[in-house]
Amino acid sequence: MNPSLRAALVIARRDYVASVWSRAFVLFLIGPLIPIIFGLTFGSVGAKMQKVEPPVIAIIAPPAEGRALVEARLRVTRALGDVIPEFELIAPTADVRRQSAELLAKGGATAVLSGLPDAPVLSGSRQALWAHGSEVEWIAGEAWRHAALARAGLDRPAARVKQVPIAEATRLGTTDRAALARGSQLVLLFLTMILAGLLLSNLLEEKSNKVIEVLAAAVPVDAIFIGKLIAMLGMSLTGIAIWSAAGIAAIAAFAPGFAVNLAEPAVGWPVFVLLGVAYFIASYLLIGALFLGIGGQAGTVREVQTLSMPLTFGQLVVFGFASVTVDQPNGLPSILASIFPWSSPYAMIARGALRPELWPHLVAIGWHLVAVTAIIRISARMFRRSVLKSGGGKGFWRRLSRRSSRPA
Amino acid sequence: MTQEFAIEARGLIKDFDGVRAVDGVDLAVPVGAIYGVLGPNGAGKTTTLRMLLGIIDPDGGERRLLGHPAPLKMANKVGYLPEERGLYPAMPAREAIAFLGALRGLGLAEGRKRADRLLEEHGLGDVARRPIRTLSKGMAQTVQILGTIVHGPRLIVLDEPFSGLDALNQGRLEALIRAQVAAGATVLFSTHVIAHAERLCERIAIIVGGRVRFEGSVDDARGRMRPVVTLVTRRDEGGWRDALPASARRDGRSWSFELPAPGIEPLLARLIEGEAGIEALSIERPGLHEAFVDIVGTTVANEMDLPEAER
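Calculation rules
Counting restarts for each chain, with residues numbered from 1 along the sequence as it is written. Starting at A for chains and at 1 for ligands, labels are handed out in the order in which the entities are written. Reporting in this predicted model follows two pLDDT cut-offs: at least 70 for local features of residues, and 80 or more for side-chain atom pairs to be given and counted; totals over whole chains, interfaces and linings ignore these cut-offs and use all residues. The helix and strand labels rest on DSSP assignments: H or I over at least four residues marks a helix, E over at least two residues marks a strand, and numbering proceeds from the N terminus. With C-beta atoms placed from the backbone, the exposure class of a residue follows from how many other C-beta atoms lie within 10 Å of its own: 20 or more, buried; 12 or fewer, exposed; in between, partly exposed. Here, residues touch in the contact sense if the C-beta positions derived from the backbone fall within 7 Å of one another. The axes are straight lines fitted to the C-alpha atoms, using for helices just the contacting stretch, and the angles between their N-to-C directions are given from 0 to 180°. Geometric relationships in this document are graded by angle, where less than 35 degrees denotes roughly parallel, more than 145 denotes roughly antiparallel, 65 to 115 denotes roughly perpendicular, and other angles denote oblique. Lys, Arg, Asp and Glu make up the charged group, whereas Ala, Val, Leu, Ile, Met, Phe, Trp, Tyr, Cys and Pro make up the nonpolar group; the residues left over, Gly among them, are polar. Being paired, for any two strands, means DSSP has found at least two bridges between them.

1. So, the overall build of chain B
Item 1. The secondary structure content of chain B amounts to ten helices and 13 strands.
Item 2. Along the three orthogonal principal directions, the C-alpha set of chain B runs to about 80 × 45 × 45 Å.
Item 3. In chain B, which comprises 311 residues, the proportion classed as buried is 42%.
Item 4. By sequence separation, contacts in chain B at least 24 residues apart represent 71% of the contacts at least 6 residues apart.

This is the structure:
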């Protein structure tokens, strides 16, 4: 093995072990699960508190009239989905008005329809009448028209529509795919944001305990950077693996239908998941290498803290730039977002959701590799120039802060 | 082809923020030597070592480490103890040694095995599994020194290795350096304590203000000066006094002067003849300290002799 790569792995191993075999790592793992656990706990409490019975409309009518209405409702729901409350048929007693009042008082129905077929009456609370009045009116009309056509011996005219599937049709299901594209971009942004930030302060440890001198004497600075990136990537992937397992378990337990509701990405699920992993790694390394380089110039924790806010906003701007991909995957802004290294993984994962071609992904991943290498090279050179030359303390940020703290 | 020099440097120059820290340093460290770089703090010793090791690049001049112009390419054959010691505080001692070895190409398992043996040999066997942060400063420094040699380097570079060690550990370190050289390694170390260089080194370079003021063997340095004669006589006056060199300094009944070119015998004959009453007569070769004073001047030499706390 190349000695530099070997040394990079030695550094990566040390950093990974030091990060993962610590009590702090347990908190690190629990961190992102806290909002989920919080949400689930309070969500279920809230659901119990606000449990509302689905609306039911009682129909007090002789069986024939009643059935005509139920069938009319079925015709509508078959075409449009469950948009109208359930109908419940009830045989009329002698005093229909009293029967209605009792049903409503006992909570047996949201509203009661009676007086069919000639003088229909809908009774219920003002709220129920406002919510369901026009629905019931429409269904009653539909039942009446159906009966009238039957009486006249006419069939209901059925419009036949021939269905022709076209594979390349882009607007077909794009709303769902656009949602998937945006969702995957957000997940990528969230993970990169919470995990790559760790690299900003990563070199402070070696600088404060002077190990950097030992490392720099044994290994090229590029290899130190690569080792640190590999370690932090490994730690992040460990975290993501554990969070994903927890997430899948939670979905299986609480929302088994979740996956069915997701749109199929254009490249298919297996490839999309692989691309997701690849683009997370790319995004992490691209931003991580930059953070490592910038953080390496900082001499104190205070400087790192000051830097982290503008860098977070920078990430958001880049993300905003990449989100144009969703609207026009082949537009110029989208192509630019795919080329600019830091927005490229976001743009490309969205493309994976929207477009079926695979070759742009191969090109993009190759480009990410080149960009990461270049960023590491430049960061390492900056580090050698401004940090190592003086044994620490004459970096860009240090010079800047010294200048700004100088009395006027 | 056998290599003659472990380190060669010609005209090394380094500027920091427009100030020249190292100004044309030439060095040649023969293979198998113990070589000392002497100089007061701020003389440019550390910067020179860092350039030789490839931690920083010189602004001018050339360097070859174990025959290679890119020093980091030879990193696996080099051991380096920086002036500012640094270990990961949470790492156990044996892991720290194995880690330092692994950075320079030694397998981790082999590194741990050697670490256990080295720690045992240096009386630290019982702290092998304790984290560095729980060790005393001297112990931690010994651990780092062991980490510097664990991979069996051909060249060992030590920056101020004796500072921070008590006399006992300084003696142990001297023994370790001698043992490494006996096993075939070359050792280059920097120090501001002349006595260490005098005891250990065959060759030295004296650096002051970023320039090499002397480069050669310790004997050469001492040989630059004539031996010093110290004479104590019972009688103060007499014709024998004409035989003393004009530069002789008097302190009570004691005289001291450089050994005259013809030797001591003519003077001795005059002293006996003149019945000076010789109570004591010694001829001493000057030490490295005297040579150092001669080379760099009293001001710099006095600075070197200050205890660390007063610097």
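2. Things to note about the packing of helix H4 (residues 63-80) of chain A against helix H6 (residues 126-151) of chain A
Residue and element names in this part refer to chain A.
Item 1. Contact geometry of H4 with H6 gives a least axis separation of 8 Å together with a crossing angle of 105°. As the angle between them shows, H4 and H6 are arranged roughly perpendicular. Residue-level inspection shows Ala68, Leu69, Ala72, Arg73, Arg75 and Val76 of H4 in contact with H6, the latter providing Ile139, Ala140, Glu142, Ala143, His146 and Ala147.

3. Topic: the interface of chain B and chain A
Item 1. Taken together, the contact pairs 23 residues of chain B with 21 residues of chain A.
Item 2. In terms of residue count, helix H2 (residues 93-103) of chain B provides more of the side of chain B that touches chain A than any other element does, four residues in total.
Item 3. Grouping the constituent residues of the side of chain B that touches chain A by class yields 16 nonpolar, three polar and four charged.

4. Regarding the environment of Gly54 of chain B
Residues and elements named next belong to chain B.
Item 1. Mapped onto the fold, Gly54 is located in the loop between helix H1 (45-53) and strand S4 (60-65).
Item 2. With 23 C-beta atoms packed within 10 Å, Gly54 lands in the buried category.
Item 3. Through-space distance from the C-alpha of Gly54 to that of Met74 is 9.8 Å; in sequence the pair is 20 residues apart.
Item 4. Not counting residues up to four positions away in its chain, the partners in contact with Gly54 are Leu65, Ala70, Pro71 and Leu72.

5. Thoughts on the pairing of strand S9 (residues 211-217) of chain B
Residues and elements named next belong to chain B.
Item 1. Where strand S8 (residues 203-208) lies against S9, six bridges are found, and the strand directions are antiparallel. Across the sheet, the residue bridging to Ile204 is Gly216, located in S9.
Item 2. What sits between the antiparallel neighbours S8 and S9 is a turn of two residues, in which Gly209 has the positive phi angle 55°.

6. Comments concerning the environment of Val157 of chain B
All names here are of chain B.
Item 1. Tracing the chain through its elements places Val157 in strand S6 (residues 155-159).
Item 2. Owing to 28 C-beta atoms within 10 Å, Val157 belongs among the buried residues under this scheme.
Item 3. Considered as a pair, Val157 and Leu81 are 76 residues apart in the sequence and their alpha carbons are 6.4 Å apart.
Item 4. Residues within four places of Val157 in sequence aside, it is in contact with Leu49, Leu53, Val78, Tyr80 and Leu188.

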